[in-house]
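Commentary on secondary and tertiary structure
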Amino acid sequence: MPSYAVIGASRGIGLEYFRQLAARQDSTVFAVVRNPAGSAHLNVAIAGLQNVHVVEADVADYPTLEHAAREISYVTGGKLDVLIHVAANVIMKGFDDYDNMDELDAEFMVTYKTNALGPVHPITVFLPLLRIRASSTRKIVVLSAGAAESKFNLIFEHARMAAYGMSKAAALIATTKFAVKLKDEGFVAVSLNPGFVDVSGTRSASANDKDREAIAVFGDRSAAEFGATFALTSPEASVSAQLKIIDGLKPPDNGLHLTRDGAEWAPPS
Ligand SMILES: NC(=O)c1ccc[n+]([C@@H]2O[C@H](COP(=O)([O-])OP(=O)(O)OC[C@H]3O[C@@H](n4cnc5c(N)ncnc54)[C@H](OP(=O)(O)O)[C@@H]3O)[C@@H](O)[C@H]2O)c1
């Protein structure tokens, strides 16, 4: 029975990962979320399911992840097959959207801890469980973002999402470091770009109308100018495509940065 941990499964793309994996009767799925009681969409999605577990942890708070690893280990007998890191603090602000530099610094530091160290913490704490899986490929997937790539920001004339883009760029490097470190153990660690995904259906109450509008405009423009790979899509379609990629990952894929279509990620030209 393959086991999956989806880190950041309360809403958005992570929730959809949880839904699609939980629908696989032969899988055990762990939804790792920082606030189980407040994860309203997840709590609807788990109703009636037997093969799922909700585990509390905050990716910026390492001791909570150590506790989560113990819980998962208890259920699976000490193993985990696939780690899918989705959690991120999606901040739309650019450098000019702060009242002063102290405010900017504070939000950037919090965002760095969540988005850049965020993947480092769960990968580190779940490694002993992932290592037990001796017979097949051990998989670590970290979701990436176009905003993390210089050329993407230039082409889209995208000055906003500054803390987000900078911290996701660091996450790309973190994933590559794990790929290098673990390659001799048969691991496949990849960055996977979900494309533009309309997560407004499960967005948190704190998202404002200006941000919603910006995402919609971005998605329209990307589809019109850059074609299908950059078109806004639904969580269902994006995750279905991503799972096909994850299912097929093999050791030679280790270290790649992939699109949801399975190609190596590149900015539009
Ligand atoms: N949507 C897109 O178009 C798009 C495009 C490119 C890349 N991505 C990437 O895809 C991933 C998911 O994005 P999304 O659009 O689904 O975002 P989202 O709807 O804002 O969801 C973010 C998820 O991360 C969780 N999270 C945030 N901070 C956390 C923490 N400290 N500990 C644990 N969980 C935490 C949130 O949980 P709470 O409910 O507790 O806040 C939520 O489940 C991100 O890595 C993002 O960079 C998305």
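Above: the structure in question.
Values in this document were obtained by computation on a predicted structure and should not be read as measured data. Here the residue index of a chain counts from 1 through its sequence in written order. Given that this is a predicted model, residues contribute local features only at a pLDDT of at least 70 and side-chain atom pairs are listed and counted only at 80 or more, while totals for whole chains, interfaces and linings are drawn from all residues. Side-chain descriptors were evaluated using all non-hydrogen atoms of the structure, hydrogens and water having been removed beforehand.

**Remarks on the overall build of the chain**
A run of DSSP states H or I qualifies as a helix once it reaches four residues; a run of E qualifies as a strand once it reaches two. Both are numbered from the N-terminal end. What the chain contains, in helices and strands, is 9 helices and 7 strands. Against the globule reference of 18 Å for 269 residues, the chain gives a C-alpha radius of gyration of 18 Å, in line with a compact fold. Considered along the principal axes of its C-alpha atoms, the chain spans approximately 50 × 40 × 35 Å. Across the 269 residues that make up the chain, the buried fraction comes to 49%. For the chain, the computed accessible surface area is about 12,500 Å², with 55% contributed by carbon and sulfur atoms. Here the radius of gyration uses the C-alpha set of atoms, whereas the globule reference equals 2.2 Å times the residue count to the power 0.38. Note on classification: 1.4 Å probe, protein chains only; a residue is buried when its accessible area is under 20% of the maximum for its type, exposed when over 50%, partly exposed between these limits. For every accessible area listed, the method is Shrake-Rupley and the probe measures 1.4 Å; residues are considered covered only by the protein chains on display.

**What about the site of the ligand?**
Neighbouring residues of the ligand: 24 residues in total, closest Ser10, Arg34, Asp58, Tyr164 and Val197. Under the rule applied, a polar contact is a pair of N or O atoms within 3.5 Å (in protein, one hydrogen donor and one hydrogen acceptor; residues adjacent in sequence only if both atoms are side-chain atoms). Contact distances for the ligand include 2.7 Å between an oxygen atom and a side-chain N or O atom of Arg11. Taking 900 Å² as the accessible area of the ligand by itself, protein coverage stands at 90%. Every element with two or more residues in the shell around the ligand is listed here: α1 (12–22) and α7 (162–182). When residue character is reported, Ala, Val, Leu, Ile, Met, Phe, Trp, Tyr, Cys and Pro are called nonpolar, Asp, Glu, Lys and Arg charged, and the others, Gly included, polar. Here the shell around the ligand is built from residues that sort into 14 nonpolar, 6 polar and 4 charged. To be near a molecule or strand, a residue needs just one of its heavy atoms within 4 Å of it.

**Considerations on the packing of aromatic side chains**
Classification of ring pairs uses Phe, Tyr and Trp, with its six-membered ring standing for Trp, and accepts pairs whose centres are within 6.5 Å; under 30 degrees between planes counts as stacked, over 60 as edge-to-face, and the remaining range as tilted. All told, the structure shown has 6 aromatic pairs when counted by the stated rule. Where Phe152 meets Trp265, the ring centres are 6.2 Å apart and the plane angle is 45°; that geometry is what we call tilted. Linking Phe152 in helix α6 (residues 150–155) with Trp265 in the segment after β7 (257–259), this pair joins segments that are 113 residues apart in sequence. The exposure class of Phe152 is buried, given its relative accessible area of 3%. Residue class for Trp265 comes out buried when judged on its relative accessible area of 11%.

**Concerning the nonpolar core**
Buried residues of nine kinds, namely Ala, Val, Leu, Ile, Met, Phe, Trp, Tyr and Cys, make up a nonpolar core once their side-chain atoms join them within 4.5 Å. One finds Ile13, Tyr17, Phe18, Leu21, Ile84, Leu192 and Ile246 to be the most contacted residues of the largest nonpolar core, which totals 30 residues. Of all elements in the fold, only β1 (3–7), α1, β2 (28–33), β4 (82–85), β5 (138–143), β6 (187–193) and α9 (235–247) reach the threshold of two or more residues within this core. Ranked by residues supplied to this core, first place goes to α1 with 6 residues.

**Here we look at the pattern of salt bridges**
Here a salt bridge means any side-chain nitrogen of Lys or Arg lying within 4 Å of a carboxyl oxygen belonging to Asp or Glu. Following the criterion strictly, the structure yields 8 salt bridges and no others. Measuring nitrogen to oxygen at the nearest pair gives 3.2 Å for the salt bridge that ties Glu16 to Arg19. With Glu16 and Arg19 both in helix α1 and 3 residues apart, this pair spans about one turn of that helix. Glu16 sits in the buried class, given a relative accessible area of 5%. Among the salt bridges present, the one from Lys79 reaches Asp81, with a minimum N-O distance of 2.8 Å.

**Section: the packing of helix α4 (residues 101–115) against α7**
Axes, fitted as lines to C-alpha atoms, cover a helix only where it is in contact. Angles between the N-to-C directions of the axes lie from 0 to 180 degrees. Contact pair α4 / α7: the axes reach a minimum separation of 9 Å and the direction vectors enclose 35°. Here α4 runs over α7; the crossing is right-handed. Mapping the contact onto sequence places Phe108, Thr111, Tyr112 and Asn115 in α4 and Ala162, Ala163, Tyr164, Met166, Ser167, Lys168, Ala170 and Ala171 in α7. By residue class, the composition of the contact of α4 with α7 is 8 nonpolar, 3 polar and 1 charged. Helix crossings are classified by the rotation of the near helix relative to the far one: an anticlockwise turn of less than a right angle makes the crossing left-handed, while a clockwise turn makes it right-handed. Contacts were defined at the residue level, with two residues in contact if any of their heavy atoms lie within 4.5 Å.

**Notes on unusual backbone geometry**
A positive phi angle, close to 45°, is found at Glu157, a residue other than glycine. Position of Glu157 relative to the elements: it lies in the loop between α6 and α7. Even without being glycine, Met161 reaches a positive phi, approximately 55°. With relative accessibility at 11%, the residue Met161 sits in the buried group.

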